[in-house]
Every structure is written in C-alpha cells, then in structure tokens.
Amino acid sequence: MISCHYLLFYSCLLLIVGHHVANAVIRVNYGYFAEASPIRVACARGWFNTEDYQVTCYPQTSGLFVAARLDSGSLHLAELGSTPLAQALARGVDIRVVYIDQYKGESQGIYVRPSDDESGYKGIENPFDLIGKKVGVPFGSTMHYHVLFLLDIFDMTGEVDVLNLSPTEIIKAWDDKTIDAAACWGNAREHVLGGDNPGNVLVTAGVLTDWGRGTFNAVAVGRDFMNINAEFVERFVTILGLLTDSFMDNLGEFDAENAKRWIPTDDPFVSYIPSMADTFMKSGEEARNPSIESISNERRALDLFIQLSTEDQLSCDHLGGGKACGRPSHQHIAMQKTAEFLMDQNVIHSMGQLSVMGDSGIACSAPNTLCGSDIFTGSGLNHDLYSLDSWDGQAPFYALNETGRAGEGEMSTGDSICSKTTLVAKQRIQYFGDLQGENSLMGQSYSDNLDCWWTIRSSDCIESSSFCSRSVELSFLQVRIWSGDYIRVYSDPSIECDSDSSTKVLLGQITGLDPDLPVFRARGCILVHFETDANQEGSYNDMQNQGDGFAAIFADSSIVEPECNGEQWGADCSFTKHCLGTSHIDIGRDYQHSISSGTSRTYPNDLDCIWEVKAKGDQSYVVLDVEYDLEPTYDYVQLFSGTFGSTSGVTPHAFLSAESTKERYYIPTDKFGFATIRLVTDNLGQRSGFAASVSAGGGAATKFCSTPGTSGLFCEFPHCIVKNFIERGMVASSSDVDPEYQIGRVVSQIKSHSVPANIDCTWPFDKTLGEAQGIRLRFNSPLDLEPQPVSAVGDKVVVRAGGKVAAEVYVEKCTTDDVCSYSWQTGKCENGACTVHQSLDVEIDDFAGAELHLLTDRTDGGNEYNGVDFDVLFISSCPSGPEVHCEAGSGKCVDGGCMCNDNIPCACPCDAAGLVSTTNAALLWVLIPIVFIFISIFVWYRRRKIRKSRAQKATIQEKEEQLEAFRNSVVGMRTAITHYMPTPSISDADDDAPLAVPPPLEKIQWCWKETPSFVSAHGPDMIVGNPADCWIKYDRYLNTMLEDAFQAYTNSGSKKTSINESFKKLTSMNESFKKLTPFSPAPLDESKFIVCSDGYKVDVRDMKQTKEATGFERDVQRVVEVVDPVPQQVPKDRKEIDLSEVEVGNSLPDELISEPQMVLVKGDVVQISSQRPDGWAFGTKLHHNDEVTARELVRLTSKGSLDSNIFTDTGWFPLDTTEIPTGEELALLQTKVGGTDALQAPSYWDDIADPTIVQLHELKRSDKEYDSVTKAFLSTLKLPRFSKKVKVIGIQRIQNLAMWQSYVVKRQTICYRETGSQGGTDSPEVMKRALDRFERHWLWHGTNNDVMDKIMQQGFNRSFCGKNATVYGKGVYFARDAEYSAYPTYAVPDDNNVQYMMACRVIVGEYCPGVRNAFTPDIRDPSTQALYDTTVGLLSNDTMTDPSIYVTYHDAQAYPEYLIKFKTS
C-alpha cells in the first residue's frame, strides 16, 4: 500500500490551499454561456457569495454538456438552452427551471459563406443552397435544433452534411474554409460575421421563432440541491431578476441613475458592462481589463436578445403558468413542441414527463402532467429582498481568479503538459498528472483535444521481462474532469504494456468533479489514458482557485491484487458504490455468482463496466439471471462471447435495455470458455441499474426456434438479437417450394411484441446453392416498419453479400402514389405509406458473407409496428430468358414472384409489361378475337352514330333554350358596334406624342443606423445604399407604422401647434377659461408621433430610435425613392389606330364632365347600371374584346395623364355606340359565368321591380339578417384603436341586380385562375376553395351622403371613392375591421351626426403590398405583364395572410351589400 505519510503530506497540502475557506462553506458550481446577458455581472462581482456559500462560475460551450453536468452534480445551477432543456426533461433529469434568462432573438443564427469570384466559390443565398454543403453546429444545442428544423421544413433532411463542432472548432473550420455555414452564437458568431472572412446571415433564431420554433435560455437547478438550499436559490434567482430589471430600466422609478449602469464605458465604478464583458474571457485580452471594443460589442450584443422582467417572469405566460393559472405557460408549450420535434428527429426515445400537457378535468391540476408539475417555478423571485444600490461602486468589479483564458491569436488554451506517450520514471513513490507542478491544480485548466498516455511499471518489470511479480498502486489525489472528457485506467498482462496493446484490461473509466474513487492496483503495469474533447473548459471567480485536471501518485507494491467478486471493486475490493472497470469471475456448473451495477440508488453517467466470466470444464454457455432498469436506447447491458483482453476479442450476442423483471438469458462462450457482460451508460439520464447472477451450463443449444420471432441459444429472447439463425423448415407461405431452394423464415419478434428500437439484427445464410442467381423475400405479412422519408430512413431491411449492399427495403412516407416509384413498391400510397410488393427478388452475384439485417432507429414516434415476417428463398435463372414473362413460358406468377417447373423460384418477370407472345399459334389465337371484336365495334359504332345524331339535335335545342333563358336573365347587356373615345383633352391630338409624365410615385423606406461592425450581420436586401453608411431597413410592418406616424406629424402643421401652445398659455393664465371653452382645440396628442415595438421607440420628429430599457439611441432616416411607373417612350404593345374608325364624343352633358367616362372597343360586352333619357348610359365591361386597343384609346383621350377620369372598364358612354348582343356574343359571356342561373339575384333578396335601378330594403331589428350584420360590424370596433360607443340606427340591404351581375362576372374571371376552367365546370369543392381564397364577405367602406347614392347605383368608382387615402395606392379602400373605416375621416357624419358604413363583398384575388400614390398594383407575372388584383396595407400585428386594408382598382371587384347608419359618442 502507499505509505500513509505520503498521503498525509498531500492531504495537508490541499487543506493549506483552501485554508481561508471555513469548513461550513458550501461550494456551488454555476454554469453560464459566453453570451451577453445582464446576469453575468453577478459572476464578475461575486454577488452570489455569502458567508455560507461560495459560487464559482464556469463558462460552458453547449447546453447538452450542461444538462449532463447538472445530471451528474458537477454543476448545481446552470443556464441551458430550451432544446437541451427539453431533452434533459424528456430523459428524466431531475431539475427545476427557476429563471428565464432571455429569448434568443437575433443573438444566434445560421451564418453562411458568401460567393467568392476569385476562387469561383458559389456562396449560399437561400436555404436550398445548403444542399450538399457542410454546416458546423454544436450537437444538442438550441441552434442544432434550429438547423434540424430548417432542414425539415425545407424538406432537405439527409441532404446537408451537419457536423458536430464546438464553438472553438467552428471558428477554426470557418477560417480554414472547411465548412460552408455555421450555426452558432457568442464569440463564434462574432468571429464568423466580423472576422477576416465575414459571412452573411441566412436566418436568425428570431426568424425561426416567428416560424413557430422559439428558443430561450433558462436557469435550472438540481432538485435535490434546491430542496436542501432553498434560501440560497431564492437569493440567487432574485439577483438575476434585479439585474435584468435594471437593464430593462424597470427600476428607473426607484433609481433615476439606473440607466448609467448599462452605458458602454470602461469605468466599472459607473457601468456594469465592463464586468459583464470580462466574463467572456476573450482570447488575447488581459484579465480584469476588458478592452473598450469588447465593452462596446457586448453592450450591442445585449440588444440582440429579448429579456423578461421579473413581472413578466412571474406572469401566467412564463414561470407563473401552470397549476396556479390553470393553463400552460409559453415554456410548457415550447418544451412539448421541442420534445415532439426531437422525437420526430430520433434524438430522444420518448417524451417522458413532457408527453402529457394537462389533465382532462381542470387544466394543469394533476401533478403528473407537464403543466401541473413544478418543473417551472418562479417562487424564488422576490424583489423585496435586495437592492442593487448596496453593491454599486464597490469592488471587486472583476473575478479574482480565473482559468482557461486563451492568449492572443489562440483558439483555446490549457496548461496540460502531457503527450501521446509518457513513460513515468521508476521511482518507488511518485506524483504525476496532466498539469505543471507537483500536485497543483490551482489556477490551472487542462487543455482540449488531449490524447495522453502514461505507462507505469513495477520496479521489477522491465520491457524484456516475461513475468513481473510486483504490482503498481495508483491513487488519485484530485480529479476534476468535466463530462465529455475521460481518464481511463488499464492493466496489461502482456510485456508490451503500451497504448497500442490489444490485451489491456480496463480498470476504470473516470469523469466528474471530485468523484469517489478507490485505489487501483495491477501486477507489473498500469496504463493511464487522458482524453479530452474540443470544448474549452475554464472557471471564473473561483475563490479557491481550484482549477481542473487530475493529480495522482503511484507506488511499487509487493501485494498481489485480490480477486474481487462482481459487486466489489478497487485494490482492496472495498469500493461498492458503483461498478468500475473489469471484474474477473470463474464459475462452475453448479455455482452461482452475483454481479450488479453497484449499491447506489442510481448508477452514474459515463459508466463502462465489464464482467469477464470463465466457465470451467465442458460448459458451453453462461446463464444470466438478470433484472434491470436502464434508460431505453441509451444505456445497455451488452452480452458477448469471448473477452476484450484476449487476442481474439469478442463477438456480440445480444443487448439489453429499458426495464425488465427477472429474466434468464444464455450467453455462448468462446473456445476458451469465456463470455463477457458489459454495462455502458451515456452522459445523461440515470436509472436503477441491474442485478444478476451468473452460472455455467453445457449441452447443445436449440439452433432453430419453434416459435417464430424468438431467438437466443434456447429461444429465450422474444425478439431478434445481434446474431440470429434463419429458421430453416419454418417457412410459412412457401411450404410448396422445392426444399433445396428454401433458406428459411425471418421474423423480427413474437406477435405480442412490437419491433424493438435501436437494433441491428443479423441473419447469416447457413446454406448455399450453386445455381442460385439471387434470393426472394416472400412476405407472409405486409412489411410494417415506421414510415419515413427517403432522406431519413431509420428502419429498414438490408441484404448484404460479397462485401456490399445488394438491396435495401423500407416503408417510405408518402402523400400521393407518385412518391412510390421504387421497383419493390406497388406504386400505391395507403395510410401515408408506400406499400411493398409481396415478393421481392434480389440479384446476388457473390454469396460470400451473405446475410440479412434489420435496422431500427431510436424511436417509433410512440407507435407500435409489427416488423418483418418473410420467407427467404433462392431463385434460379429464368429458363425462357430474362425478358420473357413468367406465364409466357412454363411458369406461373404466385404472390408476384415466378414459380417455374417443379416449384422452383425463378427470376422470370411477373409484371404485365413483360408479357410477350412466343409462338405463331399464340399469335393466331390473339388475331381471331381481334377480328371478331373489330366487326362488333363497327356495327356498334354505326348504331351509336345514329343515336348520337339524334342526341345532338336535342342538345342544340336545349342549348338554344338555355341561351335564351340566359339572355333574359342578363340586365342591360349591350355590345359595342364601334370604337368609341370621349372628346380628347387636347383637340389637336398627336397619335405619336409621348405619354404624359404622371406625378412621381414615392417608395418610402425607414431605416436605422447600425454599428459598422454589425452591418455584415444583415442580408444585402436589408441594407440601404452604401453598406459603409450603415443604414438598415425596418421591416414592412414597422415601415408602415413609421410612415403613418410621420404623415400624422407633418399633417399636424406648425399652425396647429401654435394654436395649442397659445391655448396652453391661456389656460394657465385663467383656469376658468377651461370651463367656458368646451370646443377649444385639444392639446396636441404627441404620442401618435412615436412608434413602439419590441422594447424600442422611434420618434419621427427628432428621428431617433431609443431602447426603452437602457436609453441607448440610434439615428433614424426616412429614405424617399422616386419611382417612374410610366415609360417615357411608346409602349411595345401600342397599336396604330385609324381615328376615322373611332367615334369621338362631342356632346357630353355638362353635368357628366367630371364623371368617369369609358372608352369602347368594337365587340366589348357592357352591362348598363344607369341610363339617362338623353342617350347616355353608365356601365361596366363584362368582356374586353381588345384591352391593348382600349388602353391606347385612353392614352389618346387623356394624353397619357394617369390622373384623368377616363377608364377602360367603367364609366359613361353614348348608348348609340352599342346594340343588343348577338347569340354568339351571349354564348361567349355564358362561358365566363357558368350556367343559366349564374347571374340570378341572391335567394335572400326581395323581388326585383326594375333591374336597372337600385332598391333599398330596410331590415327589421327582429330579422336574423339584421342581427348578423350588426354583430359583424360591432365585433370589429375594438379597443384601443376605437374607443367610442356605437349605436346602430338602421341597416338597409342594397339590391342592384346589374351591379351584382358585374361583380359575379369579375369574381368568376378571377376564380378561373384557381379552378383552371370556365363555365362553372368545376366541382363545388373546387369553386368553394377558390372563393375561400379570393373573396372576402365582410369588408368595410366608410362613406358619406355625397357619394353613397352613386356607389349604390354605379358601384365603387375610383374617381369618387378613392379620395381619402393614397398610402397604399390610388384605388378604392376597404378595411377588414370596421374600426378603421368608422372614423369620421372616412364615415363622414351628416348634419344629424349620422355616419354611414357599407358592408361589402369584395373579390380581392391575388394581392401585393401597396405603394403610396400608385395608380395600379405591381406586376404579378413578368412574362405576361399581368398585374395583381389588389394591394394591401399592413397595420399593427398584421401579416400578408390577414391584412387590415385592401385597395381595389376595378369597379366590379366590390359589391356593397348593406348600408349601415350609426352614431358614435
């Protein structure tokens, strides 16, 4: 044993290091990310520390590591992203969420490499460009979740190479140009966007949040730690809340100086930012002295996140949600949605406690549900406990101690000095470790990417010795190794004793902070392997300066290691807490030996325990009686033949996982009588483990099981295992096949079980057949595996032979039959899955090593599948030739496979396309029926032609009757008999004159001033002008709000302002003046000049954007782009028109001069809605015969002015230029609108007295129709936009049959684009889909006494309906919500203060964003120059799928159904 005085010396040394820490002080480990957050300040300034607790802050690189470290107890509290949080909770990690740090916002994203003309590199501009490219991301992080989500929604899963890289590795890979994109945050994000090779933003976390996958950072704490240290956790969380509220300036009313704490200055007495910046431990910067650049960068980075105030944290939307509020919070919902996605991606096996949101009774009352549990709690937040004032201006401002800060130009750092192989000197007692200095972890941190070995030999064991009698004892004085990094200790009985030895035996795998460990002992030699990953480890503000790494001593010993049993470990077999390394067990036939995972309630993570069992004598297998509780698909008890330490190695037999009561299994031994049992656990999720007894047995095993689906030496497994026997003689549907061609039957599991998860079952062929050309899989029941897309197949049957894959068969996910196109598929999609042929032939050239595999992934999405059950047959070559159909020869098709003579499976095709004739006799037998059929068809055809002729006559008569009925149904329809144009505005018209220049259109873009170093983070389409000027666009929604505020400001005018200022002075001079001037001007409402959104406010008067939480300001700019919508040359489609063929109006009545006028082209079909005695009529075109000519006539009349009252589709015209339409013209119109009754009045209208005159029907208050209109109207008068009380005076139904028919024709024309046909030939479902998309039933239009009569008679003409608004184009405006149209600006009160609102039916068609002063919508189809039908305006919280404002440009697009009279108060 190691001398006691040496142990005492080193123990005393460790105590001296920490002499300043009282025994009662509890050391707390807190994990945080190197991201900007107000709560970092507490780490830097030591505010978490008390007399009883000392907190060390540890920077972390990935949330998945954080979850593992919380699970193992290495961290007590930690931040982690919502994705690894969901994964940890689903996998049963016992933690509670006590604080929501921040939502990710724009702080992280997917950043891509741009094109490089010099190298020819094609950059990434959209998600589809990622196909075939490499993306680096830390696996298990929130960004990993977002990458998977992006690939899923763009259907690119499996087509992008996603690499698991740490943030440090991402930086290096980006600089080396070995990745095309990076999904990252913090320092890595800053480097990728602002380094020597700056990337572009593809998509941010904020955008993906808008797409339904929000992510956030939370602070979690181990439940056991919280229960014991509740007061400390309360204090800890309250400090977090105070700092966040301070940053958001929620403390401002109590502390007027608060904003100064968050200004980017290098003075820590004034600002918290330097302290926060220091916690990043940036490479190249001096500790406790952050550069002003870092300070400024981190201050800007704070604005990329979305923080929650304490009040928000405690609300029902967040930590306060659940049982107390009776509904799930945002976090509950996010956790479940994330877990569902992770399940779909096969990242987790099940959703665990996240599977059930709430109970069926009172929501969130059941504690066994997600929202009824206490996973999320805000109970620790208590603002009244502390105040930041007591800490302000007091040192320390930075950490006293830290480890892991890299130097200038270094990606990472570390103090390790070990190498690939280190031969430790042969002294009797010696210290060694991975760090500099003896027994000193203080102030040091081990390096990343280590692969170090130490060889320690006993004093009598030299390299040439064949036998060593003495032993080596190894003791670890200190171990501080983070999850993901490992120390492995081996012994080696061979003389090599080096890292490459194949006979080394594992004594223990070690990880964790200060784990309990025994002394290790081995004869002759011990090997120590230290392996670390690419994640940089470090610490910040460790009061004891503990560092990390390991320190150990070894000594020479004459004591031979004892033979511990399978439940004891270590040099003296005294360690029983959990299994460790390799145990050796010798057993006889009648002797049982106990083994287990240890005495702890749960086993630790990262275990690798081995039991080598030797069966003595003639025993051929080991009997394992076992009971186990393991995390399914992550942790396994593995069963092998052989041993790891032997030259022949091991052969896998079966793997056990999940939970089971006591079961018996038989493990075959190798030729030396050895079998191995191994327990392997991953770094997350702990269960009870296992307990078992082992004994030996002999005798012949059962090679073939009588029950299909069982396996094992004695058929004890109810499912397939690693290696299985094909059950020869157990074929089901192939019993009639020649026995020589029967290989056997493959069944994945017994009928009462579902197919196992995460398996690779193998069935080697145990026979061959020389003449075989391949094999046939003949399914006894349909293949039943989880349906998956081709790019993400996890469950499949694989045929391997000759060292290659001969075939893969799986169940493909589908929506239509077209997807099912593989030869082994039937071409049918049923229940979302492609069905598979009952028989599948697989061609095999070389049967060497032939075997079948069944592979499944981690999860089946909570469903159960029956797996596989098929017979395996050899197939011979096709005797008639490979292209001759089976039944054209001597075979027959059975279940889709060909059976030739003597019931031999053969490779002849059975598909219909392969059927060919082979003899002249067969041809003759085919021709005779054909001749007979031809004669029969001829006779049938003659009779049918006669009948058809009679039917055609009847049809013609019916069509004529229908046409006449249609003629009678159309109101006032006329056809133009000549070209017509009103009198030109200039009498001496010049046909070749250029178009008049209209007033310029203005495209307004609001933008804000970005910090120069962050401009590259924005896509090129978001940058205004020169990137060096740093102007970034606001989004469309905010752009509209800012422009509205600006217009309100400019319209307020200096005169109004002076009146208000004078009024203020008067009222201050004489208070009674207020009472005497009830109609005096109200004070100017300055709030309408300010736009607030997402924590920012923009004042359009002084052009400043201010972050409300901090007061940080940025400049704002309004950019006006002048757009010339009309070309200054003759359009390409201009037509030469002979004016002698055009009738020019010259007698327009004076009262119509200002009214809309319409040009006519010969053949136009017009519907009249109003007619004067003097021969003038007002109408709307139902059919344009030649729109190009019509536009030319408008140009000639108006001289190109777009602001004239001359239109192509509506207006006044002389009646004598038209006539009643012919039958041919009527038929053309009928094809546009459908059947005879298509233009009939709606069924709920009253009888029409005169179809050319509008009729108003007063609705009674008792009518359901009245109630329906009233509810629709009042339901959209909402606070806060509309705060007045409304009283409906009356409602009239507007019945104008001519206008209704014009609307129906226009509606049918637009719907044609959706249905793809005219004349109403589509099914009602297709037409309904088109109407649902293109028509709005309740849009509102405010009007007044002057124009509403014109609207009701003539329709919505732009000349008198589009005067009140031009922001979204010069058309007719309709609002989704009546609150917009009900303002007096639009619904103008009459002398009795009655306002008028029209409830309208509008065919909006395809629409686009509106442009101020535009006369037409944008181009919808550049190839045809077709325009959008409508423009829209977006107000607060609008989307393009549900805009507030619609603007139409064709009179027939809207029909006013009801006129509502109302008053407001």
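Residues numbered from 1 in each chain as written. Predicted model: local features only at pLDDT ≥ 70, side-chain atom pairs only at ≥ 80, totals over all residues. Heavy atoms only, no water.

Caption draft 1: How the structure looks around the overall build of the protein. The helix and strand tally for the protein stands at 25 helices and 72 strands. When contacts within the protein are restricted to residue pairs at least 6 apart in sequence, those whose partners lie at least 24 apart make up 76%. Total accessible area on the protein is roughly 64500 Å²; 51% of this is exposed by carbon and sulfur atoms. (Helix = DSSP H or I, 4+ residues; strand = E, 2+ residues; numbered from the N terminus. Contact = heavy atoms within 4.5 Å. Areas by Shrake-Rupley, 256 points an atom, 1.4 Å probe, with all protein chains shown as cover.)

Caption draft 2: Quick peek at the state of the cysteines. For the structure on display, the rule yields 15 disulfides. Covalent S-S linkage joins cysteine 705 and cysteine 715, the inter-sulfur distance amounting to 1.9 Å. On the S-S bond that ties cysteine 705 to cysteine 715, the torsion sits near -100°, and the link is left-handed. Taken together, the positions of cysteine 705 in the loop between strand S32 (689–697) and strand S33 (742–747) and cysteine 715 in the loop between S32 and S33 put the pair ten residues apart, joining distant regions of the chain. (Disulfide = S-S within 2.5 Å.)

Caption draft 3: Region of the structure containing unusual backbone geometry. A cis amide bond, omega 0°, links alanine 395 with the succeeding residue proline 396. By the secondary structure assignment, proline 396 is in the loop between helix H14 (330–344) and strand S12 (402–403). Phi is positive for asparagine 545, close to 55°, though the residue is something other than glycine. Within the secondary structure, asparagine 545 sits in the loop between strand S22 (539–540) and strand S23 (549–557). Using a relative accessible area of 18% as the deciding quantity, one classes asparagine 545 as buried. (Buried < 20%, exposed > 50% of the residue type's maximum accessible area, 1.4 Å probe, protein only.)

Caption draft 4: Here's a closer look at the packing of aromatic side chains. Per the stated rule, a full pass over the model turns up 51 aromatic pairs. Ring geometry for tryptophan 262 and tyrosine 272: centres 5.3 Å apart, planes at 85°, overall edge-to-face. Linking tryptophan 262 in the loop between helix H10 (230–247) and helix H11 (273–278) with tyrosine 272 in the loop between H10 and H11, this pair joins segments that are ten residues apart in sequence. We note that tryptophan 262, like tyrosine 272, is buried. (Phe/Tyr/Trp six-rings, centres within 6.5 Å; stacked < 30°, edge-to-face > 60°.)

Caption draft 5: Quick look at the sheet that holds strand S6 (residues 134–137). Read from one edge to the other, the open sheet built from five strands follows the order S7-S6-S8-S5-S9, with strand pairing classed as mixed. Unpaired on one side and paired on the other, strand S7 (161–164) and strand S9 (200–204) mark the two borders of the sheet. Averaged over neighbouring strand pairs, the angle between their axes works out to 25° when direction is ignored. Contacts between helix H6 (residues 167–176) and the sheet are confined to strand S5 (108–112), S6, S7 and strand S8 (181–185), with S8 contributing the most and set at about 145° to the helix. (Pairing = 2+ DSSP bridges. Axes fitted to C-alpha atoms, helices over the stretch in contact; angles between N-to-C directions.)

Caption draft 6: Seen up close, the environment of tyrosine 628. Considering the arrangement of structural elements, one finds tyrosine 628 in strand S27 (residues 621–629). Judged by its relative accessible area of 8%, tyrosine 628 falls in the buried class. In this structure the C-alpha to C-alpha distance between tyrosine 628 and serine 596, which are 32 residues apart in sequence, comes to 9.5 Å. Once residues lying within four places of it in the same chain are set aside, the contact partners of tyrosine 628 are Leu656, Ser657, Ala658, Glu659, Ser660, Glu663, Tyr665, Gly689 and Phe690.

Caption draft 7: Spatial organisation of the packing of helix H5 (residues 142–153) against H14. Relative to each other, H5 and H14 sit at 65°, their axes nearing to 11 Å. By the angle between their directions, the pair H5 and H14 is classed as roughly perpendicular. Handedness of the crossing formed by H5 with H14: left-handed. Counting all contacts with H5, which are made through Tyr145, Leu148, Phe149 and Asp152, the residues of H14 involved are Lys337, Thr338, Phe341 and Asp344. For the contact of H5 with H14, a count of residues per class yields four nonpolar, one polar and three charged. (Parallel < 35°, antiparallel > 145°, perpendicular 65-115°, else oblique. Left-handed = near helix turned anticlockwise from the far one by under 90°. Nonpolar A, V, L, I, M, F, W, Y, C, P; charged D, E, K, R; others polar.)

Caption draft 8: Structural detail: the confidence of the model for the protein. Residues with a pLDDT of 70 or more make up 83% of the protein, whose mean pLDDT is 83. Of all secondary-structure elements in the protein, the lowest mean pLDDT belongs to helix H17 (residues 1073–1076), at 27, while strand S28 (residues 636–642) reaches the highest, 97. Predicted confidence for residues 1054–1085 stays below pLDDT 50, and this span has 16 contacts to residues more than four positions away or in other chains. (pLDDT = per-residue confidence, 0-100.)

Caption draft 9: Region of interest: a negative patch on the surface. On the surface, Asp152, Asp155, Glu159 and Asp344 cluster together into a patch of negative charge. Checked against the element boundaries, aspartate 152 lands in helix H5. The class for aspartate 152 is partly exposed, based on a relative accessible area of 33%. (Patch = residues over 30% accessible without salt bridge, like charges linked within 9 Å, V, L, I, M, F, W, Y side chains within 5 Å. Salt bridge = Lys/Arg side-chain N within 4 Å of Asp/Glu carboxyl O. Lys, Arg positive; Asp, Glu negative; His and termini not counted. Charge placed at Lys NZ, Arg CZ, Asp CG, Glu CD.)

Caption draft 10: Broad picture of the packing of helix H4 (residues 82–90) against H14. The N-to-C vectors of H4 and H14 enclose an angle of 80°; their axes lie 9 Å apart at closest approach. In terms of axis orientation, H4 runs roughly perpendicular to H14. Within the contact between the two elements, H4 uses Ser82, Thr83, Leu85, Ala86, Gln87 and Leu89 and H14 uses Met335, Thr338, Ala339 and Leu342. Looking at the contact of H4 with H14 residue by residue, the class counts come to six nonpolar, four polar and no charged.

Caption draft 11: Quick peek at the sheet that holds strand S44 (residues 897–900). Read from one edge of the open sheet, three strands run S43-S44-S45, paired in antiparallel fashion. Of all strands in the sheet, those with a lone pairing partner are strand S43 (892–894) and strand S45 (904–906), marking the two edges. Each adjacent strand pair in this sheet contributes to an overall mean axis angle of 50°, direction not counted.

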